[in-house]
Every structure is written in structure tokens, then in C-alpha cells.
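Overview (structure and organization)
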Amino acid sequence: MFHWKKVPKMRNMPAKKKSTRTNSSPKRGIKYEDKSPGQPELVPIFNEIKKLMKPYIKGTLKEWGDSKGQYGLVSEMEIEVNGKKKPEVYFAGALVQKGYVGFYFMPVYSEPGLKKILPQELLKCLKGKSCFYIKKNDPLLLSQIKDALKLGYEDYKKKGWVK
């Protein structure tokens, strides 16, 4: 059995050094587009994805977080998922990360059958459940993202999640 009284006291130990790390939280003013110095190709990729998403701003689908390097679309209507009421449902977003642009596309999460329809080039970029890592400004990938957005919007409309 372990006894706390037998643990030697930590006397004359040097004080902990204060961390020199800075908080990289966006709340501190760090812009996502500045996260990847030396990778200027990420901002144009982000801008292209954002441009592909813009036509879907209609009805209940609204812009969210439109600031440098982060952008999203959210349907502002109450839905019920698995018996739980949600005040809104996320549709898609783009976020400049370190080394890639994250294209977050929730329809592939809410409707896994969409993965069977999406092209292999785009699916190779899928990491996790709904995040695609876009690392190059490839017209083919951007075209496939455009098509995926259309499919996802139609799926959300069919479910009644956008109006």
C-alpha cells in the first residue's frame, strides 16, 4: 500500500519555466490564412471553395464565420436527429489549416450513401468522417467539390433540412 507520508518533499526544486508558447486561438487575433507561412497556395484554394459554396446561400442556408480563412454554411432551422432537437444543421465549410484547406461537408456524414456516388479523386482527400484535405488547387477536385455541394444540397432539401 502506498503512503503519502513516505513521499519525500520537493524542496529546493527549480521553479517551472513559464511556457514561451503563444496561444494560437483565433480569439487572440491569429488569422487562419496566416497559419501556413510559405504555403501561399492555400488561400486561393480556400477562396475557390468559398466561391463554390456561395450559390447555396438561400432560404434557411446562411453564411457562418465569414472571416479570414474560415467560412461555413448552416441551415438555420430546427431539425430532429435521433430524437434530439437541433436549432440548426451544419452544411459545409472551409478552413485554412496548416498544410491544407479543410473542406467540411456534413452531407457525407448524415447520408453515408453519398460516398458511393462521389469520385475517387475526391474520396482520396477524405480524412475522418466529413473532412476533406485539399492540398492543391486542382480544377478537377474543385469541379468534384462543386458537384458534391449540389448533391448534398439536394439531399438536405429532400430531408427537409433546408428550405
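As a reminder, the structure under discussion sits directly above these lines.
All of these numbers come straight from a predicted model, not from anything done at the bench. (Residues numbered from 1 in each chain as written. Predicted model: local features only at pLDDT ≥ 70, side-chain atom pairs only at ≥ 80, totals over all residues. Heavy atoms only, no water.)

1. Brief notes about the nonpolar core
Ranked by size, the top nonpolar core spans 38 residues in total, and within it Ile49, Phe91, Phe103, Phe105, Phe132, Ile145 and Leu149 carry the most contacts. When residues of this core are traced back to their parent elements, those giving at least two are α1 (42-53), β2 (70-75), β5 (89-96), β6 (101-105), α3 (120-123), β8 (131-134) and α4 (139-159). For this core, the leading source of residues is α4, giving seven residues. (Core = buried A, V, L, I, M, F, W, Y, C linked by side-chain atoms within 4.5 Å. Buried < 20%, exposed > 50% of the residue type's maximum accessible area, 1.4 Å probe, protein only. Helix = DSSP H or I, 4+ residues; strand = E, 2+ residues; numbered from the N terminus.)

2. Quick notes on the packing of α1 against α4
It is the contact of α1 with α4, at a shortest axis distance of 10 Å, that shows an interaxial angle of 30°. Judged by the inter-axis angle, α1 sits roughly parallel to α4. As α1 packs across α4, the resulting crossing turns out to be right-handed. Of the residues in α4, those touching α1 at Glu48, Ile49, Leu52 and Met53 are Leu142, Ile145, Lys146 and Leu149. Taken together, the residues of the contact of α1 with α4 sort by class into six nonpolar, no polar and two charged. (Axes fitted to C-alpha atoms, helices over the stretch in contact; angles between N-to-C directions. Parallel < 35°, antiparallel > 145°, perpendicular 65-115°, else oblique. Left-handed = near helix turned anticlockwise from the far one by under 90°. Contact = heavy atoms within 4.5 Å. Nonpolar A, V, L, I, M, F, W, Y, C, P; charged D, E, K, R; others polar.)

3. Quick word on the sheet that holds β8
Pairing within the open sheet is antiparallel, and its six strands lie in the order β1-β2-β5-β6-β8-β7. Edge positions in the open sheet fall to β1 (61-67) and β7 (126-127), since each of these has one partner strand only. Here α4 sits on the sheet in contact with β1, β5, β6 and β8, set at roughly 160° to β5. (Pairing = 2+ DSSP bridges.)

4. Let's talk about the packing of aromatic side chains
A full pass over the atoms with the stated rule returns 10 aromatic pairs. The interplanar angle of 70° and the centroid separation of 5.2 Å between the aromatic rings of Phe91 and Tyr156 together place this pair among those described as edge-to-face. Of this pair, Phe91 sits in strand β5 while Tyr156 sits in helix α4, placing them 65 residues apart in sequence. For Tyr156, a relative accessible area of 1% corresponds to the buried category. Members of the aromatic cluster, each reached through a chain of ring pairs, are Tyr56, Phe91, Phe103, Phe105, Phe132, Tyr153, Tyr156 and Trp161. Stacked on the ring of Tyr153, the Lys or Arg Lys58 has its end atom at 4.9 Å from the ring centre. (Phe/Tyr/Trp six-rings, centres within 6.5 Å; stacked < 30°, edge-to-face > 60°. Lys NZ or Arg CZ within 6 Å of the ring centre and 35° of its normal.)

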